[in-house]
Amino acid sequence: MASMHCKTTWLVLCALSLVIFQAVPTFPIEIKHHSYAAMTSLLQRTVQRCPDIMRLSSIGKSVEGRSLWVVRVTDAPDVHKPGKPLFKYVGNMHGNEVVGREVLLNLLEYLCDGYGSNATITHLVQSTDIYILPSMNPDGYERTSSRGCGQGFGRPNARGQDLNRNFPDQFVPGVPEDKAEVETKAMMAWIRKNPFVLSANLHGGSVVASYPFDDSRSGHAGSSPSPDDATFRFLAHLYANSHRTMALPGPKCSSHDVFPDGITNGAQWYELRGGMEDFNYVQSNCFEITIELSCCKFPPESQLATEWHNNRDALVRYMQAVHRGANGFVYDTATGEPVPNATISVRFVHHDIVSTADGAYWRILAPGRYTLVAHAKGYSSVSKRIVVPVSNDGVRVDFNLHKLVNGEDVESPVAPSGKSWYEPQRFVHHDHSDLVSVLSTIHDKFPHLTRVYTIGKSVEGRSLPVIEVSDNPGVHEPGEPEMKYIANMHGNEVVGREMLLLLARYLCENYGKDEWLTRLVNTTRIHLMPTMNPDGYSRAHEGDSQSIVGRANANNIDLNRNFPDHFEPTHTSKPEQLETQEVRRWLDSYPFVLSANLHNGALVANYPYDDVPLAKGQRHPPLSGVESPSPDNKVFRQLAKAYSFAHPVMHDAERAQCYGDEPFQDGITNGAMWYNVAGGMQDYNYFNTNCFEITVEMGCTKFPQHRYLKRHWQEHKPALLAFIEQVHIGVSGFVKDECGNAIDQAIIVVQGIKHPVHSVTDGDYWRLLSPGEYIISATKTGYRTAQHVVLVTSKVGPAIQLNFTLYPASDTGTSLGGCQLPTPHEAVPTTPILPTTVTSTVGVPSTTSSQATTSAAGRPNSSEPPATHQEEITAAVSSTVNPAPTVNHKVGPTQKLASSTAAATSAHVKATTESSPERASTPSTAVPPTASHARKHGALGALAKTVFKQCSGIATLKLKPDAASLRFGNGSHRVVIVSSEASKHLLHFAGHLCSHRSDADVVKVLSSVRLYLVVSLNDSTLDCSSSASVPEDMTSLYDSSDVLVLLSHGCNVSHSTGPKASRMQPPGVAISRYYWQTVVDAQPGAGAVCPKPTLLAPKLTVSSLIVHIGTACCAVGKCAASSHMASIVQGLMAVVRSASVGVRGHIVDPSRRPMAGVKVCEGDYCTYSNAVGVFWLLTGVSSLPHVILADPSLAVLPSGWDRLQSQHLVVNNTSTELEIALDTQRIFGLSKSAFIAALTASLVGAILCVLILFIVFKKVRPSPSSRGFQQLDALEMEAAVLQDDPSYSGKHPRPVAYRPKTEFKASSSGGRRNQEMLSDTSEDEFTQPGRRANHVT
């Protein structure tokens, strides 16, 4: 797997370099060895050739008085530019390792010649302050006696000191600084004086990129990762993969000189105390790696050209990496002045940097998701979430810190009213120059929340500006939806233009003051375009009510008739306008999810379609009155109502309408029903992008007097805010492959809705949905389709993560062995294995609810209490499990699960949702361990602190005051081991995983499971009578676990998978006994006193499996013994290893609803599906590794259903994922279909028998004569007289009138009597014209 990891990384970086790096120029350069004098002369000549970008200076002298020359390369070498990062290369630290010296001399020539003629070199020099020091040890070079590949003399300086062992060491006290060599002192002073960001130290003797740390506290050879291990590995990979040979497999210089991917941890290679790369990292802001350039230390001149070409591209690309990560400034909010020496921390990375004298900072980071925290003495702390992209582009993040007065945060007032929130006080119209100025002013005041950009220009050259409001402006955060407002499309419809200027200021001013608004900005990327038609605005005039002056653009084209139309491709012969083209490009550039187009002239929310499909032969659509619903009509109506009901009067049908308009029910209308528009923008959004757009008419008057703007703001503010929140309804998530790589352009389809959406670059997608149950699938060419059942409810809250893992069409889907384990900071989206209950934000009051009101902060409220947002937890413990591909079967109906399954599923998904990384924010308690924790919790706290530090880089920590959890791995099974009383054992187990992170067994285990170790930090005595207990503040992990292991000190083992049964083979028993056997093998004393584990009572929960395990400390009586501790660690390792084997499945019915209580058997061992339809059988756990069990038979035995046999191959030490469906229900021992067929046949036979008997009876009866008819007539007349005679006593039965035979024939000719025909005739049929006569004889 490590090999695949390396190859994948190498391919990714190589592909990336082709995209982001222009071909490096090849200038003819003469390469040869240079003595000190020759080097000095060459440096002087090079600087003289390029005086505009180069300056030569010395940082000090060597022992023998030679200058330590350094050349500064930048576009303004005499000027300090705040915000420009500093980079350095240092060569020839060892005097006899000369390739770096000569390569750097050639690099200077290369930069000189490339500046101005090559875009890459020019941009690099203009954006970076580069310092190149070709020789740190000129004395050693001059003393080199062996001009060859051997060691020779000249490695140390003139005093015989190895300069790369002469710096202060972070682990062991070394040479005092005042006793260091003069070259070392000069370097330390130079490093501390200049805020270098990135560096490389060039050596020779091997071909590898080495990264910190170079030594360790133990002093023994072995990996010694720094807190930024992931970033250093990324940097080393970047250089090695850009080098022509460094990353290639196989030995480079000798048979034992083999480095996977061409990189190595310094201490892993060999221990080195007092090295320069560790000094840079520990003592400054600078990240430095050591690069061994060639096997031969002092090669012949004929080889130098080869070494130059091997390293040229890597040298340039590594310099570009100085811009990776985050950068920006730290300001004092009150004064706007920079804050020097502010500390910039990365949450969960225990290494800080500080801002410079002008408040600037640079923080190198590998691609991933991070939380930055800025704090300075006397100021409050500010945190920011960021996403570092794969490209070289850094993320600009500025911090504004508030001064503390008496320990409290004090802000200057922002509203004249003195209220804690901001409300605008000035309402005026802004021409184009004023509009641009307002946007610039907002950005200048809130650079950390805004970005102003333009999408292009209008016909007359006016800009089309956009202001972005986000907690991370300028960056698309994976998983965060983006929405937009567009106003002033018609130049004389101006209310939306002014509302968006007010909205931008309002969001920024109240950020951090109002929880709801802050959350809205933190979770949404908002784009506001105040004007799409500035040319038309310039022609309009204030006070215009209903004219068309200024409506069109400068070419007199209505822009809302200028977009390509889906139903009428040739709806207009007018050319596409420049403004239309720019907006279409904009839509293609951002993954917008939701939008509103703001107009004037009415008061209504209008939703698609605006146009009507043409009927066959129809040349023109009707002008109005024909509804044209889209496939997402329910969603669009919900969106429109969200706006209209948050507006105080828009939804009121009794209000006065504009200019005789018909009342709009609920203040919304289908566009085509109102009037037909071909070429409209809202339909274009829906048909051509993922974006759902409505059109909001904001008032009757198109260009109202400015004195009415305040009223418009008060009415539309809550609606504008409520509509933004609608971007979080429905479902959202990621589409990834089995290795966690993003899949873009995957098609997301909702069954029954003929409108797909697509995933974007990071694999993220958003699907707006109204409440209901849906079947959602994700597919892409070359992959198998994945599918989930989703229940979207009307509860308020963020859209639930519904993630998809797609497997190659030809893959079995049972192995992740070729996938790379992510670094601790990489985003790892996940996919639920179960049908999901999704809670979405609706926020639409019913039609009977009272008129909406507005809170002080502008939140829309209805008469009902507003629902609160779901509490979010830290990203350190996140996400649900990635499923293996499923085998789908069609299923038959079931009636018994409706209530219990819904409740259980809701509970399960709530737990998994709360731990989702895409909406997670880190609570204040989730901080790295401090000395106070160690003091509070004694020896256990001290042990925890040590383990947490040891696990940096491999585990993610979540810390509570009295409990903590460590997360390892990213496999498909979620395993939680938790204990209050055996915390010491879990901490030792965590230490084992971290100290053996490179072992093949550990790597394999952590690639197959997602492991959480939850420990209590409270010391506890050995309580042999207690059972396992769990810290209550970590319970959010338990409901969403696949295996929950409860650890106590007794001899207990148990399982829990379902109801009691006589022949249960619960995987809990197998896991427990597997653990127990491992402990007994390692510690025989445990087996002597606990020969037979105690089974505890099973318990049915939403979780698939609960296991009770005892450490046997009470039995052994010496838990502290190292031998027993080691055996427990081995046992827990066995538990985690066994947690991902066997057969795991999901029972569903035809509607894909989970079925609980279904008995599932493998051989003689059986279990039951739980409340969400999941079952689990461990097969082969106790057998020898790698034994293949051929075709185990899974018998699914639900009550009242057919017995279903499913044959599958199960391999020991692997997991098999199944989805089993039931399609036939048994009735009286027969299948449902057979029973219905038999019943139908019986009924048909019975009817035929009755008809035959009836016909036979009629044929044998004699026909009546004419005399008989007369007798019948007489009888009928007599009966009529008797019935009307009051004296009739009723002593004799009244004669029954007989129908004549002819009438009987008429009534039976249709196959039924009249009464039967009438009773079988539906009301609709009976009342249809012309149908009644056919049924009456």
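Up top is the structure.
What you are looking at is a predicted structure, and each value in this text was computed from that prediction instead of being measured.

A.B. asks: Got a sec to walk through the packing of helix α4 (residues 119-127) against helix α10 (residues 301-320)? Specific residues and values, please.
C.D. replies: Between α4 and α10, the least distance of the axes is 10 Å, while the angle of their chain directions is 40°. Classed by the angle they form, the pair α4 and α10 counts as oblique. Between α4 and α10 lies a crossing of left-handed hand. Residues Thr120, Ile121 and Leu124 of α4 pack against Val316, Met319 and Gln320 of α10. Partitioning the contact of α4 with α10 into residue classes produces 4 nonpolar, 2 polar and no charged.

A.B. asks: Outline a nonpolar patch on the surface, listing residues and values.
C.D. replies: A contiguous nonpolar surface patch, about 560 Å² in accessible area, is contributed by Val1244, Ile1247, Leu1248, Leu1251, Ile1252 and Val1256. Within the fold, Val1256 resides in helix α28 (residues 1232-1260).

A.B. asks: Give a description of the environment of Ile31 that names residues and reports values.
C.D. replies: Along the chain, Ile31 turns up in the loop between α1 (2-20) and α2 (36-49). Residue classification places Ile31 among the buried positions, given a relative accessible area of 15%.

A.B. asks: Describe the sheet that holds strand β25 (residues 668-670), listing the residues and the values that go with them.
C.D. replies: Two strands in a sheet stick together by hydrogen bonds in their backbones, pointing the same way (parallel) or opposite ways (antiparallel). Taken in spatial order, the 8 strands line up as β19-β20-β22-β21-β23-β26-β24-β25 in an open sheet, and their pairing is mixed. Strands at the two margins of the open sheet, each flanked by one partner only, are β19 (450-457) and β25. Adjacent strand axes in the sheet meet at a mean angle of 25°, parallel and antiparallel pairs treated alike. Where strand β20 (residues 463-469) and strand β22 (residues 525-529) come together, 3 bridges link them in antiparallel fashion. The residue bridging Ile467 from the neighbouring strand is Leu528, located in β22. Here helix α18 (residues 681-688) sits on the sheet and contacts β21 (482-487), β23 (592-599), β24 (602-607) and β26 (692-699); the angle it forms with β26, its principal contact strand, is near 165°.

A.B. asks: Hey, could you go over the sheet that holds strand β6 (residues 208-211) for me, with residue numbers and the actual values?
C.D. replies: Across the sheet, which stays open at both edges, the 8 strands sit in the order β1-β2-β4-β3-β5-β8-β6-β7 with mixed pairing between neighbours. The two strands at the open ends of the sheet, each matched to only one other strand, are β1 (54-61) and β7 (263-265). Averaged over all pairs of adjacent strands, the angle between strand axes in this sheet comes to 20°, irrespective of strand direction. Where β6 lies against β7, 3 bridges are found, and the strand directions are parallel. Considered in β7, the bridge of Tyr211 is made with Asn265.

A.B. asks: Describe the pairing of strand β39 (residues 963-968), listing the residues and the values that go with them.
C.D. replies: β39 sits mainly inside the fold: 6 of its 6 residues count as buried. Burial along β39 is two-sided: Ala963, Ser965 and Arg967 and Ala964, Leu966 and Phe968, pointing in opposite directions, are all buried. Across 4 bridges, strand β38 (residues 956-959) lies against β39 in antiparallel orientation. Across the sheet, residue Lys958 finds its bridge partner in β39, namely Ser965. Where β39 and strand β41 (residues 1009-1016) come together, 6 bridges link them in antiparallel fashion. When the bridges of β41 are listed, Arg967 appears paired with Tyr1012.

A.B. asks: Could you give me a rundown of the packing of aromatic side chains, with the residues and numbers involved?
C.D. replies: A complete count under the given rule lists 36 aromatic pairs for this structure. With a centroid separation of 6.1 Å and 75° between ring planes, the pair formed by Tyr239 and Tyr318 is classed as edge-to-face. A residue pair is termed long-range when its members are at least 10 positions apart, and Tyr239 in helix α7 (residues 229-242) and Tyr318 in helix α10 qualify at 79 residues. Across this residue pair, the class does not change: Tyr239 and Tyr318 are buried. Chaining the aromatic ring pairs together yields one cluster made of Phe171, Phe213, Phe232, Tyr281 and Phe287. For Arg101, the ring lying beneath its charged end belongs to Tyr141, and the centroid distance is 3.6 Å. Above the face of the Phe592 ring, Lys484 is positioned so that its terminal group lies 5.5 Å from the ring centre.

A.B. asks: Give me the lowdown on the pattern of salt bridges, citing residues and values where you can.
C.D. replies: Scanning all chains against the criterion turns up 43 salt bridges. Glu64 serves as the salt-bridge partner of Arg143, at 2.3 Å between the closest nitrogen and oxygen. Placement of the pair is Arg143 in helix α5 (residues 138-143) and Glu64 in the loop between β1 and β2 (67-73), with a sequence separation of 79 residues. Look at Arg143 and you get partly exposed, because its relative accessible area is 43%.

A.B. asks: Pulling in residues and values, what's your account of unusual backbone geometry?
C.D. replies: Note on backbone geometry: most residues besides glycine have negative phi, and most peptide bonds are trans. Phe213 follows Pro212 through a cis peptide bond whose omega is 0°. Residue Tyr609 follows Pro608 across a cis peptide bond; omega there is 0°. Its location among the elements puts Tyr609 in the loop between β24 and α16 (633-646). Notably, Asn341 is not glycine yet its phi reads approximately 55°, a positive angle. By the secondary structure assignment, Asn341 is in the loop between β9 (326-332) and β10 (343-346).

A.B. asks: Account for the state of the cysteines, naming residues and giving values.
C.D. replies: Applying the stated rule across the entire model yields 3 disulfides. Across a sulfur-sulfur distance of 1.6 Å, Cys50 and Cys112 are joined as a disulfide pair. Taking the torsion about the sulfur-sulfur bond, which here is approximately 75°, the covalent link between Cys50 and Cys112 counts as right-handed. Taken together, the residues span a long stretch of sequence, with Cys50 in the loop between α2 and β1 and Cys112 in helix α3 (residues 99-114) at a distance of 62 residues. The same class applies to Cys50 and to Cys112, which are both buried. Two residues, Cys951 and Cys994, share a disulfide whose sulfurs are 1.8 Å apart. Here the S-S torsion is close to 105°, and the disulfide linking Cys951 with Cys994 is therefore right-handed. Highlighted residues: Cys951 in the loop between α21 (931-950) and β38 and Cys994 in helix α22 (residues 983-995), separated in sequence by 43 residues. The exposure class of Cys951 is buried, given its relative accessible area of 1%.

A.B. asks: Can you lay out α2 for me, pointing to particular residues and giving the numbers?
C.D. replies: When the terminal C-alpha atoms of α2 are compared, their 20 Å separation across 14 residues agrees well with the 20 Å that a helix rising 1.5 Å per residue should span. Among all positions in α2, only Tyr36, Met39, Thr40, Leu42, Leu43, Thr46 and Val47 are buried. Seen from one end, α2 has its buried residues packed into an arc of 165°, which puts them on one side. Looking at α2, the residues exposed on the side facing more than 90 degrees away from the buried face are Ala37 and Gln48. Buried residues along α2 sit against β1, β2, α3 and α5.

Parameters and conventions
- Residues numbered from 1 in each chain as written.
- Predicted model: local features only at pLDDT ≥ 70, side-chain atom pairs only at ≥ 80, totals over all residues.
- Heavy atoms only, no water.
- Axes fitted to C-alpha atoms, helices over the stretch in contact; angles between N-to-C directions.
- Helix = DSSP H or I, 4+ residues; strand = E, 2+ residues; numbered from the N terminus.
- Parallel < 35°, antiparallel > 145°, perpendicular 65-115°, else oblique.
- Left-handed = near helix turned anticlockwise from the far one by under 90°.
- Contact = heavy atoms within 4.5 Å.
- Nonpolar A, V, L, I, M, F, W, Y, C, P; charged D, E, K, R; others polar.
- Patch = residues over 30% accessible without salt bridge, like charges linked within 9 Å, V, L, I, M, F, W, Y side chains within 5 Å.
- Areas by Shrake-Rupley, 256 points an atom, 1.4 Å probe, with all protein chains shown as cover.
- Salt bridge = Lys/Arg side-chain N within 4 Å of Asp/Glu carboxyl O.
- Buried < 20%, exposed > 50% of the residue type's maximum accessible area, 1.4 Å probe, protein only.
- Pairing = 2+ DSSP bridges.
- Phe/Tyr/Trp six-rings, centres within 6.5 Å; stacked < 30°, edge-to-face > 60°.
- Lys NZ or Arg CZ within 6 Å of the ring centre and 35° of its normal.
- Disulfide = S-S within 2.5 Å.
- Expected span 1.5 Å × (residues − 1).
- Arc of directions from axis to C-beta.

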